[in-house]
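Each chain, letter by letter, is given below.
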Amino acid sequence: MGIEDVREYLRQWDREKDILEFDTSSATVELAAKAVGVEPARIAKTLAFKNGEGALLVVAAGDAKVDNKKFKQEFGFKPHMLNPDEALALTGHPVGGVCPFGLKQDVPVFCDVSLKRFDTVFPACGSSNSAIELTCEELDLYSRNVRWVDVCRGWA
């Protein structure tokens, strides 16, 4: 599970070798930014929300916060994060390494417009010490993004 699933998943684009692995934790936006050497906003955090019996993922900029009103308008329900056990069961990735790649179940992924201000961003790769540098176009493709959404605040 985790990083090996992501490595196998990214192989279809010949990008498995581009996964960065760190000697230190990258489990939070701040730790990931330090490990990668970029501003925290460029970390593409993947947030896992309950959606009935399943989940949905929102990939957003590291400095963005979910806006409850915008989220409810977009998805029709209030945002409730998955707990660590649920996140692992539904995505196949542990908290701190949750990403939109190589998912255990068919979980819909939505990318937030907060990411579009950057040429490249750094999502995790299934472990708490990994990342990959991607353009927003690559993130859109590799994550099988359903659509770009505007459900965050605090970044503009």
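The notes below deal with the structure included here. Residue positions are given per chain, counting from 1 as you read along its sequence in written order. Local features in a predicted model are, by the rule used here, given only for residues with pLDDT of at least 70; side-chain atom pairs are given and counted only at 80 or more, and totals for whole chains, interfaces and linings are based on all residues. As a rule here, side-chain values cover all heavy atoms of the structure and leave hydrogens and water aside.

Buried residues are those whose accessible area, probed at 1.4 Å on protein chains only, stays under 20% of the maximum for their type, while exposed residues exceed 50% and partly exposed ones sit between those limits. Think of it this way: any DSSP run of H or I at least four residues long counts as a helix, any run of E at least two long counts as a strand, and we number them from the N terminus. Taken together, the buried positions of helix 2 (residues 29-36) are occupied by V29, A32, A33 and V36. Buried residues of helix 2, seen end-on, are gathered within an arc of 100° and therefore sit on one face of the element. Exposed and oriented more than 90 degrees from the buried face of helix 2 are E30 and K34. In the core, the buried residues of helix 2 are packed alongside strand 2 (43-51), strand 6 (120-123) and strand 7 (130-131). G37 sits one or two positions beyond helix 2 and adopts a positive phi of about 90°. This arc is built from the directions going out from the helix axis to the C-beta atoms. The criterion used for residue contact is that any of the two residues' heavy atoms lie within 4.5 Å.

With that out of the way, let us pick up the packing of aromatic side chains. Two aromatic rings, drawn from Phe, Tyr or Trp (for Trp, its six-membered ring), form a pair once their centres lie within 6.5 Å of each other, and the interplanar angle then sorts them: stacked below 30 degrees, edge-to-face above 60, tilted otherwise. Across all of its chains, the model carries eight aromatic pairs by this definition. The interplanar angle of 50° and the centroid separation of 4.8 Å between the aromatic rings of F49 and F71 together place this pair among those described as tilted. Here F71 lies in helix 3 (residues 68-75) and F49 lies in strand 2, a separation of 22 residues in the sequence. Using a relative accessible area of 0% as the deciding quantity, one classes F71 as buried. A ring pair is formed by F75 and F77, whose centres lie 6.4 Å apart and whose planes are at 40°; its orientation type is tilted. With relative accessibility at 16%, the residue F75 sits in the buried group.

Taken in spatial order, the six strands of this open sheet run 8-6-2-3-5-9, and their pairing is mixed. Whereas interior strands pair on both sides, the edge strands pair on one side only; in this sheet they are strand 8 (134-135) and strand 9 (148-149). Two strands are counted as paired when DSSP detects at least two bridges linking them. Across two bridges, the pairing between strand 2 and strand 6 is parallel. Bridge pairing in strand 6 links A44 to P123. Axes here refer to lines fitted to C-alpha atoms; in helices the fit is confined to the stretch in contact. Angles between the N-to-C directions go from 0 to 180 degrees. Along the sheet face, helix 2 touches strand 2 and strand 6 and points at about 150° away from the line of strand 2. Of the strands in this sheet, strand 2, strand 3 (54-61), strand 5 (109-112) and strand 9 are in contact with helix 3, which crosses strand 3 at around 130°.

Position of T46 among the secondary structure elements: in strand 2. Taking relative accessible area as the criterion, T46 reaches 12% and is therefore assigned buried. Setting aside residues up to four positions removed in sequence, T46 forms contacts with L57, V58, V59, V98, C99 and P100.

What follows deals with the state of the cysteines. In this description, a disulfide is simply a cysteine sulfur pair whose atoms lie within 2.5 Å. Enumeration according to the criterion identifies zero disulfides in this entry. No disulfide involves C152; its sulfur sits 11 Å from that of C111, the nearest cysteine.

Next up on the list: unusual backbone geometry. The residue D14 is not glycine, and still its phi comes out positive at about 60°. With respect to the helices, strands and loops of the structure, D14 is situated in the loop between helix 1 (3-10) and strand 1 (20-21). Classification of D14 by relative accessible area gives partly exposed; the value is 46%. Residues other than glycine seldom take positive phi values, yet R144 does so here, at roughly 55°. Turning to its location among the elements, R144 is positioned in the loop between helix 5 (136-142) and strand 9. For R144, a relative accessible area of 52% translates into the label exposed.

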